[in-house]
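Working through the structure, step by step
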Amino acid sequence: MVISSARTYEPPRDFVKQQGSTADAFALSALEDKELWLLRVPDNVSLSQLDGITIKLPSKAKNGELGELAVGSSVYNIISSTAGGDAESREMAEMSLLV
């Protein structure tokens, strides 16, 4: 895993570095064989509505479309941010993970 950043991060003055097993779970060595997913959901979808939902992804995606997710009476498209050059994909590609 290669991690780079064009920006430098300065934590708040009252920041206290996490120690112990919680911090160890997010050490770079613990994340090397993992995938981290960022999910963006509309404002009108609560976390409780997503609790317990399983998303089955196809073995091959067409044009970055991974499937659909039904929440209540609404259906949402699931897309891969690596799929192309649309504005949402570019925005997500520019995000940095801060754990």
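Refer to the structure presented above.
Figured I'd write up the structure that's included with this text.

Cut-offs and rules
The residue numbering used here restarts from 1 in each chain and proceeds along that chain's sequence as written. In keeping with the predicted nature of the model, local features appear solely for residues at pLDDT of at least 70, side-chain atom pairs appear and are counted solely at 80 or more, and the whole-chain, interface and lining totals rest on all residues. Here the side-chain values reflect all heavy atoms present in the structure, with hydrogen atoms and water set aside. In this description a helix means any DSSP run of H or I spanning at least four residues, a strand means any run of E spanning at least two, and both kinds are numbered starting from the N terminus. Three exposure classes are used, based on accessible area relative to the maximum for each residue type with a 1.4 Å probe and protein chains only: buried under 20%, partly exposed in between, and exposed over 50%. Whether two residues are in contact is decided by their heavy atoms: any pair within 4.5 Å suffices. We define the nonpolar core as a collection of buried residues of types Ala, Val, Leu, Ile, Met, Phe, Trp, Tyr and Cys that are connected through side-chain atoms lying within 4.5 Å of one another. Strand pairing follows a simple DSSP-based rule, namely that at least 2 bridges must link the two strands.

The next thing to look at is the environment of A30. Following the sequence through the fold, A30 ends up in helix α2 (residues 28–31). Under the relative-accessibility criterion, A30 is labelled partly exposed at 27%. The contacts of A30, once residues within four sequence positions are left out, are D24 and A25.

The next thing to look at is the nonpolar core. With five residues, the main nonpolar core is built from V45, L66, L69, V71 and I78. By residue number, the principal contributor to this core is strand β1 (residues 65–71), which donates three residues.

Our next topic: the pairing of β1. One ladder, built from six bridges, connects β1 with strand β2 (residues 74–79); its direction is antiparallel. What sits directly across from G67, in β2, is I78. Hairpin geometry of β1 and β2 is characterised by an intervening segment of two residues between the two adjacent antiparallel strands and by a positive phi of about 65° at G72.

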